[in-house]
Each structure stands twice: as C-alpha cells, then as structure tokens.
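Listed here are the chains, written in short residue letters.
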Amino acid sequence: MLHVVLLQFATTVIAGLIAGWLGGVHALVSALLGGLCCVVPNGLFALRLFVNARKPGAVNPMTFFIGEFIKIALTLASLGAVVWLYHDLNWLALIAAFIVALKSYIILLFRH
C-alpha cells in the first residue's frame, strides 16, 4: 500500500514539474493540487487499512467499504475546495495530474 501512495506522490511531482514547464507557475500549482487531491485520501485510506489490519478481529469487509466511501468523499471535497479557493486554476493541469496520480499504480504492474 505504501508503495502505491509513494508512487502516486512521485508521479504527482513529475506531472507538476511538466505542467509548470509547459504552462507556468499556475499550471504547476494546479497540477500539484490535483495530484494531491488523489494522493492524500489514498494515503489516509491505506493508513486506516494498515492500522485496522494490526487489530485482532478488526478486519472485515465493512471496514473496507466505509474507508472507501470516506476516501471518495474526501477526494470530492478536496477537489471542490481547490476549485473554490484557488482562483488562478489551470483546469487542464489539475485534471491531467489527478488522472496521472489515479492511474499511476499501473506502473507497478509492469515493474517485473
């Protein structure tokens, strides 16, 4: 789980640097915020699963589904907060970095 979150963070930074190189500072910030809207909820979800896996008898499907619901809600709330609070938003950079971070786990599939 930690590998996926770290990979998502790394791809967010790379996407942010590329967006900054192509579109300037506002694209860089937008891309970093977009990627973090994916990375932070996934990191919290992974941490929650890790902690619950260490407790005896705490592993059940409901824990996973509740955590997934919280992750989706936190993702939507953070995207909404970025759109509402960052007035110089570059939509293309935000969405592109979000998708790159969201799908970066595919890199781990081809690692071997």
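Residues numbered from 1 in each chain as written. Predicted model: local features only at pLDDT ≥ 70, side-chain atom pairs only at ≥ 80, totals over all residues. Heavy atoms only, no water.

Draft legend 1. Inspection of the environment of Ala77 at higher detail. Examined against the element boundaries, Ala77 turns out to sit in helix 3 (residues 61–85). Along the primary structure Ala77 and His26 are separated by 51 residues, whereas in three dimensions their C-alpha atoms are 21 Å apart. (Helix = DSSP H or I, 4+ residues; strand = E, 2+ residues; numbered from the N terminus.)

Draft legend 2. Examining the domain arrangement of the chain more closely. As far as domains go, the chain holds domain 1 (1–56) and domain 2 (59–111). Inter-centroid distance (C-alpha atoms) of domain 1 to domain 2 is 8 Å. Between domain 1 and domain 2, the residue contacts involve 27 residues of the former and 27 residues of the latter. Taken together, domain 1 and domain 2 are joined by zero salt bridges. There are four residue pairs in polar contact (both at pLDDT 80 or more) connecting domain 1 and domain 2. Secondary-structure elements contributing two or more residues to the side of domain 1 that touches domain 2 are helix 1 (2–23) and helix 2 (25–54). Ranked by residue count, the leading element in the side of domain 1 that touches domain 2 is helix 2, at 19 residues. (Domains from an automatic or database assignment. Contact = heavy atoms within 4.5 Å. Salt bridge = Lys/Arg side-chain N within 4 Å of Asp/Glu carboxyl O. Polar contact = N/O pair within 3.5 Å; in protein donor to acceptor, adjacent residues only side chain to side chain.)

Draft legend 3. Inspection of the packing of aromatic side chains at higher detail. On inspection of all chains with the given rule, the structure shows two aromatic pairs. Ring geometry for Phe64 and Phe65: centres 5.7 Å apart, planes at 75°, overall edge-to-face. An aromatic cluster is present here, built from Phe45, Phe64 and Phe65 joined pairwise through their rings. (Phe/Tyr/Trp six-rings, centres within 6.5 Å; stacked < 30°, edge-to-face > 60°.)

Draft legend 4. Local environment of the nonpolar core. Of all hydrophobic cores here, the largest spans 12 residues; its members are Val5, Cys37, Cys38, Val39, Ala46, Leu79, Val82, Tyr86, Leu89, Leu94, Phe98 and Ala101. Of all the elements in the fold, those that place two or more residues in this core are helix 2, helix 3 and helix 4 (91–102). The dominant element in this core, judged by the number of residues it contributes, is helix 2, at four residues. Formed jointly, this core draws a minimum of three residues from each of two domains, domain 1 (1–56) and domain 2 (59–111). (Core = buried A, V, L, I, M, F, W, Y, C linked by side-chain atoms within 4.5 Å. Buried < 20%, exposed > 50% of the residue type's maximum accessible area, 1.4 Å probe, protein only.)

Draft legend 5. Representation of the side chain of Thr12 within the structure. Of note, Thr12 is situated in helix 1. Taking relative accessible area as the criterion, Thr12 reaches 1% and is therefore assigned buried. Not counting residues up to four positions away in its chain, the partners in contact with Thr12 are Ala31, Leu32, Gly35, Leu36, Val39 and Ala101.

Draft legend 6. A look at the pattern of salt bridges. Tallying each qualifying case throughout the model produces one salt bridge. For the salt bridge of Lys71 with Glu68, the shortest nitrogen-to-oxygen distance reads 3.3 Å. One end of the pair is Lys71 and the other is Glu68, both in helix 3 and three residues apart, which spans about a single turn. Exposure remark for Glu68: the relative accessible area of 22% places this residue in the partly exposed category.

Draft legend 7. Molecular detail of the UniProt feature "transmembrane region" (unreviewed entry) in the chain. Per the UniProt entry, the sites bearing "transmembrane region" (unreviewed entry) are residues 25–51, 63–85 and 91–110 in this numbering. The span residues 25–51 is 100% helix and 0% strand, and its two end C-alpha atoms sit 38 Å from each other. Spanning residues 91–110, this segment combines 85% helix with 0% strand, and its end C-alpha atoms are found 30 Å apart. (UniProt positions renumbered as here; feature names shortened; annotations may be inferred.)

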